[in-house]
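Fold and geometry: a report
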Amino acid sequence: MLTTALRNVLAHKARLLMTVLAVCLGVAFASGTLVFADSTAAAHRAAASRTFADIAVSVTAKESPAVPDQPNVLTDELARRIADVPGVAAVRSSVDGSATLNAADGRPLRVKRGTNLADAYVPGRDGEDARYPVVEGRAPAGADEIAVDRGTAAAGRYRVGDPVTLATDGPALTARLVGIVTTTDTRVTAGGTLTLFDRATAQRLFATPGHYTSLEVSAGPGAGQYELAERIAAVLPPGRAEVTTGQAQANQQAIYVGTLTRGYQKLPMVFAGVSLFIGSFLVVNTFTMLVARRTREIALLRAVGATRRQVVRSLLAEAALVGVVASVVGFVLGLGIAAVLPGLLSGEGGRLPEGPLVIGPRPVAAALFVGVGVTVLAAWLPSRRAARIAPIEALRAAAAQPGGRSRLRPIVGVGLLVLGVGWLVALAGAAKDASEANLRSAMAGCGLLVVALIVLAPTLAVPVIRLTGRLTRRFGVVGLLARQNALRDPRRTAATAATLLISTALVSGLATIGSSTEQALDRQAADGLAADYVISTGDTMTGIDPAAVQRVAGLAGVRGASAVADSTVVIGGKVREISGIDPVSVEQAVKLDFVSGSVEDLGPGRIAVSSSVARETGVSTGGQVNVRMGRSEEFTRYTVVGVYQDNPTAHDAVGARGEVQQHGFKPGSVQRILVRGDGLSGRDLRTAVGNNPLLKVQDRAELVREAAGTMGDLLTLMYGLLGIGVVIAALGIVNTLAMSVTERTREIGALRAIGMDRAGIRRMIRLEAVTVAAFGTLLGLAGGLFGAWAVGALAGGAVRQYALVLPWGTLALVCLGSLAIGAVAAAVPARRAAALSPLEAVAEV
């Protein structure tokens, strides 16, 4: 039977080629992602090891909660004491912190991953810092000089000699770029920036004169890291400093950078899962058609003594051989994906460390398990059907007939459909927040809905194709024959259309959610924000100098500049955000829609809360609530003077600006300036706040894009899934029609014999493919849009202005693209059918 299986694979290799291609796509994404993950992790470990290669022990200051303002003990004197410890070869002083730069065009140089690292250039005895080799220019030597790494220079478009605006934790500074260096620090190579100062300047910015943030110790010959760490710990001031081995630091940094870049692996794995899931339907369809085509052959095997179990094993052996080939081809393609990914992702702002591909046992085993497992599992049902073929019945059959309709399938399908729809409706009605648990539950309900549609597809094929067949009837007899051919075997038609059903459901659902969310955020920004620009400190703890508010207010075209002090506040046991505003001028910048109370009543000891906070805590206007604001360690009783509709600009609560500033993390400063005016530009506003790179200057459109957050990733996912679905759907249609043409050789010959020309044959095959594609697209749209509605109901709890908005343009493109794929995929089978000789076709037995 194994020999028979091998011969069958070789005899039908052309028909199985499409199956191999579909499965190998999923194997390629899965194995390639695993190879990429292993290679990236090894490269991070190697880069971190190189960074700390000369560091045996690192000494850092230890903060004491009991004495928060105790002086730093890392001084030159302590460095000399450590240098006298047996086994110490050298001690290098380090002063590091954070610095954000403006690019050459004046815009802040933002990083997606990594850190904005700043450090001191500490030359050794040879006059150079081995950590930062200078490749152009020279090292910084004065307070107004800096050096940057090569990646930062490229990102900011700097040249040696250029003036650079930067900020550490306060007003903007201007320095001249005197040198460009290289570094192996993975915090920088992962997508961060590096700014180097001379030692005195770095101490002034990040520590205090004469003090350091760390002391890095290199070991002499024969000295181990752990032994040396114990000796150094013995000479440190008790409780004032701590030691860490270089190996421990390297491991921590590799883990940290690995966490930053872990998201790279998610998208390819999603593609792998979707392609394998869609490809499994192609496997089922292919083996089902092969079984139907080889009915007599299987019957003959049964007649000469083959048992049902042997028939099943034979077909599963064929599937396993196909899976092995797909696994090998997919693994080779996966290596190509793993080799290309670092270059693609480095272009996204995250420069990955270089290193060879690491091919471990995990991706190899995964490729075989996924490729063979999916193929064998998908072929199991067709093999069971083949085993039920009775020898006498099959030998008497003149031709393979479509499988009979299952009575159980519609019952199971309707049950799954009711369960999936009920699940989503109940979730949409009960859950009002987009928590991770609710989103996962919604995803499970959407998956159940898609499975129900797949199960019901053979039952739905007849009424849906008859309905859409009214369009094909306009092509006359050719269109009528195309519709009848699609209805000949509803199970086969449904299996072929399943690939488009899944991809269309995914794309239409994601497109609808993305479009609805984007428009909701736009409406929310328009309804809640009256200002045209917002100047903010972003995610930093930096405050805006109050004098900057006056400079902004004095710009030509500015009609109002309202300062807002932001802080945290604990209300009802949860940490929330509070905005300190001026009740008189705030209405010019923020649209506060009060349900009860008034903004004019704000003052010392009085706050207003959002509707969400009022609902969660049970407070109302006129009531009192315990509040702990900002740096305060005690709760204070506040009177609630108003409740307003949720507003992202006003946050969870609002209070008088003076009181919020008093308890804020930067007393006396503000964190936002809401600007309203005519003819304003971001460049003028940035100039007014000193071109400080720590501050964000955003108009409404930029605020909406920032609030949308992952919409760009969602679009990437959407188009990626569409591409995968289209490719596998095209393979499925080609495969099905090619095998269908073979089965209908005599029928096509008869049509040619009674007068249908070759153009008519080609048109009939193309219309059949378009009919199948339209069926899958319609079911996919129905499932995707219903799922989008259910998920959108959850989003409505997080985005108040959320409403379902259909992206008609995208949906129309999806529909037209699916129909076009059907027509294009039918080109080869249609040409093959038209090339059949009428006499030879009719004469075929």
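Residues numbered from 1 in each chain as written. Predicted model: local features only at pLDDT ≥ 70, side-chain atom pairs only at ≥ 80, totals over all residues. Heavy atoms only, no water.

**So, the overall build of the protein**
Scanning the protein from terminus to terminus reveals 28 helices and 22 strands. Put simply, of all contacts in the protein between residues at least 6 apart along the chain, 82% involve residues at least 24 apart. Summed over all atoms, the accessible surface of the protein reaches about 38400 Å², with 58% contributed by carbon and sulfur. (Helix = DSSP H or I, 4+ residues; strand = E, 2+ residues; numbered from the N terminus. Contact = heavy atoms within 4.5 Å. Areas by Shrake-Rupley, 256 points an atom, 1.4 Å probe, with all protein chains shown as cover.)

**Here we look at the sheet that holds strand β1 (residues 57–61)**
Spatially, the four strands line up as an open sheet ordered β2-β11-β1-β12, and their pairing is antiparallel. Edge positions in the open sheet fall to β2 (88–94) and β12 (241–245), since each of these has one partner strand only. When strand polarity is set aside, the average angle formed by the axes of neighbouring strands in this sheet is 20 degrees. Sheet topology note: the β1/strand β11 (residues 214–219) ladder contains four bridges and is antiparallel. From the neighbouring strand, Thr 60 faces β11, where its bridge partner is Ser 214. Along the sheet face, helix α3 (residues 76–83) touches β1, β2 and β11 and points at about 160 degrees away from the line of β2. In the packing of helix α7 (residues 225–235) onto the sheet, the strands contacted are β1, β2, β11 and β12, and the crossing angle to β12 comes to about 170 degrees. (Pairing = 2+ DSSP bridges. Axes fitted to C-alpha atoms, helices over the stretch in contact; angles between N-to-C directions.)

**Digging into the nonpolar core**
Counting residues in each nonpolar core, the largest one holds 38 residues, and the members touching the most others are Val 59 and Ile 232. Dropping the residues within four chain positions of it, Ile 232 is found in contact with Val 57, Val 59, Ile 82, Val 85, Val 88, Val 217 and Val 243. (Core = buried A, V, L, I, M, F, W, Y, C linked by side-chain atoms within 4.5 Å. Buried < 20%, exposed > 50% of the residue type's maximum accessible area, 1.4 Å probe, protein only.)

**Details of the packing of aromatic side chains**
Scanning the entire structure with this criterion turns up three aromatic pairs. For the ring pair Phe 197 and Phe 206, a centre distance of 5.9 Å and an interplane angle of 65 degrees mean the geometry is edge-to-face. For the pair shown, Phe 197 and Phe 206 are each scored as buried. Relative to Trp 789, the ring of Phe 786 has its centre 5.5 Å away and its plane inclined at 40 degrees; by these criteria the two rings are tilted. You can see Phe 786 and its partner Trp 789 sitting in helix α25 (residues 758–798), three residues apart, about one turn around the helix. Residue Trp 789 is classed as partly exposed on the basis of its relative accessible area, which comes to 36%. (Phe/Tyr/Trp six-rings, centres within 6.5 Å; stacked < 30°, edge-to-face > 60°.)

**Details of the side chain of Ser 508**
As for its position among the elements, Ser 508 is in helix α17 (residues 490–528). Ser 508 has contacts with Gly 780, Leu 781, Gly 784, Leu 785 and Leu 811, leaving out every residue within four places of it along the chain.

**A few points about the pattern of salt bridges**
Tallied over the full model, the rule gives 13 salt bridges. The salt bridge involving Arg 131 is made with Asp 129; its shortest N-O contact spans 2.7 Å. On the basis of relative accessible area, Arg 131 is assigned to the buried category, the value being 15%. Look at Asp 129 and you get buried, because its relative accessible area is 2%. Of the charged contacts, one joins Arg 176 and Glu 145 as a salt bridge, the two residues approaching to 3.5 Å between their closest N and O atoms. Taken together, the positions of Arg 176 in strand β9 (residues 173–181) and Glu 145 in strand β7 (residues 145–149) put the pair 31 residues apart, joining distant regions of the chain. By relative accessible area, which is 40% here, Arg 176 ends up partly exposed. It is possible to trace a salt-bridge network through shared partners that takes in Arg 92, Asp 119, Asp 129, Arg 131 and Glu 216. (Salt bridge = Lys/Arg side-chain N within 4 Å of Asp/Glu carboxyl O.)

**Details of the environment of Val 791**
Tracing the backbone shows Val 791 in helix α25. Sequence spacing of Val 791 and Ala 442 is 349 residues, and the spatial spacing of their C-alpha atoms is 6.2 Å. Residue contacts for Val 791: discarding those within four places in its chain leaves Leu 439, Ala 442, Met 443, Cys 446 and Ile 513.

**Considerations on the environment of Asp 652**
Tracing the backbone shows Asp 652 in the loop between β19 (636–644) and β20 (653–656). Through-space distance from the C-alpha of Asp 652 to that of Thr 568 is 9.6 Å; in sequence the pair is 84 residues apart. In this view, Asp 652 contacts Arg 576, Glu 577, Val 609, Ser 610, Val 613 and Tyr 644; residues no more than four positions away in its chain are not counted. There is a polar contact of 3.0 Å between the side chain of Asp 652 and the backbone nitrogen of Glu 577. (Polar contact = N/O pair within 3.5 Å; in protein donor to acceptor, adjacent residues only side chain to side chain.)

**Things to note about helix α18 (residues 546–553)**
What α18 keeps buried is the set Ala 548, Val 549 and Val 552. Projection of α18 onto a plane perpendicular to its axis shows the buried side chains occupying an angular sector of 105 degrees, all on one side. Packed against the buried residues of α18 are β13 (533–536), β14 (558–571), β21 (672–677) and α21 (682–688). (Arc of directions from axis to C-beta.)

**Focus: the side chain of Ser 31**
Following the sequence through the fold, Ser 31 ends up in helix α2 (residues 13–51). Overall, Ser 31 belongs to the buried group, its relative accessible area being 1%. Beyond its immediate chain neighbours, meaning those up to four positions away, Ser 31 contacts Gly 330, Phe 331, Gly 334, Pro 363 and Ala 367.

**Brief notes about the packing of helix α26 (residues 808–825) against helix α27 (residues 827–834)**
Direction vectors running N to C along α26 and α27 enclose 35 degrees, while the axes themselves pass 5 Å from each other. Taken together, the residues of α27 that come into contact with α26 (itself represented by Ala 823, Val 824 and Ala 825) are Ala 827, Val 828 and Pro 829. When grouped by side-chain class, the residues that make up the contact of α26 with α27 number six nonpolar, no polar and no charged. (Nonpolar A, V, L, I, M, F, W, Y, C, P; charged D, E, K, R; others polar.)

**Quick word on unusual backbone geometry**
Peptide bonds are mostly trans, and most non-glycine residues show a negative phi. Positive phi, close to 55 degrees, is recorded for Arg 157, a residue that is not glycine. Turning to its location among the elements, Arg 157 is positioned in the loop between α4 (150–156) and β8 (163–167). The exposure class assigned to Arg 157 is exposed, which follows from its relative accessible area of 70%. Unlike most non-glycine residues, His 651 shows phi in positive territory, near 65 degrees. Structurally, His 651 is set in the loop between β19 and β20.

**Concerning a nonpolar patch on the surface**
Together, Leu 357, Ile 359, Val 364 and Leu 368 make up a nonpolar patch on the protein surface, roughly 310 Å² of accessible area in all. Structurally, the position occupied by Val 364 is in helix α12 (residues 361–387). (Patch = residues over 30% accessible without salt bridge, like charges linked within 9 Å, V, L, I, M, F, W, Y side chains within 5 Å.)

**Concerning the confidence of the model for the protein**
On average, residues of the protein carry a pLDDT of 81, and 84% of them reach 70 or more. For the protein, the element scoring lowest by mean pLDDT is helix α13 (residues 391–396), at 60; β7 scores highest, at 96. (pLDDT = per-residue confidence, 0-100.)

**Some details on α27**
Of the residues making up α27, those classed as buried are Pro 829, Ala 830, Ala 833 and Ala 834. For α27, the arc enclosing every buried residue in end-on projection is 135 degrees, short of the 170-degree limit, so these residues lie on one face. Among the exposed residues of α27, those pointing more than 90 degrees away from its buried face are Val 828 and Arg 831.

**Some words on the pairing of β20**
In summary, the side chains of a regular strand alternate between the two faces of the sheet. Sheet analysis places strand β15 (residues 574–581) next to β20, joined by four bridges and oriented parallel. Of the residues in β20, the one forming a bridge with Ile 581 is Ala 656. Examined bridge by bridge, strand β17 (residues 606–610) and β20 share three bridges and lie antiparallel to one another. By the bridge assignment for β20, Val 609 is matched with Ala 653.

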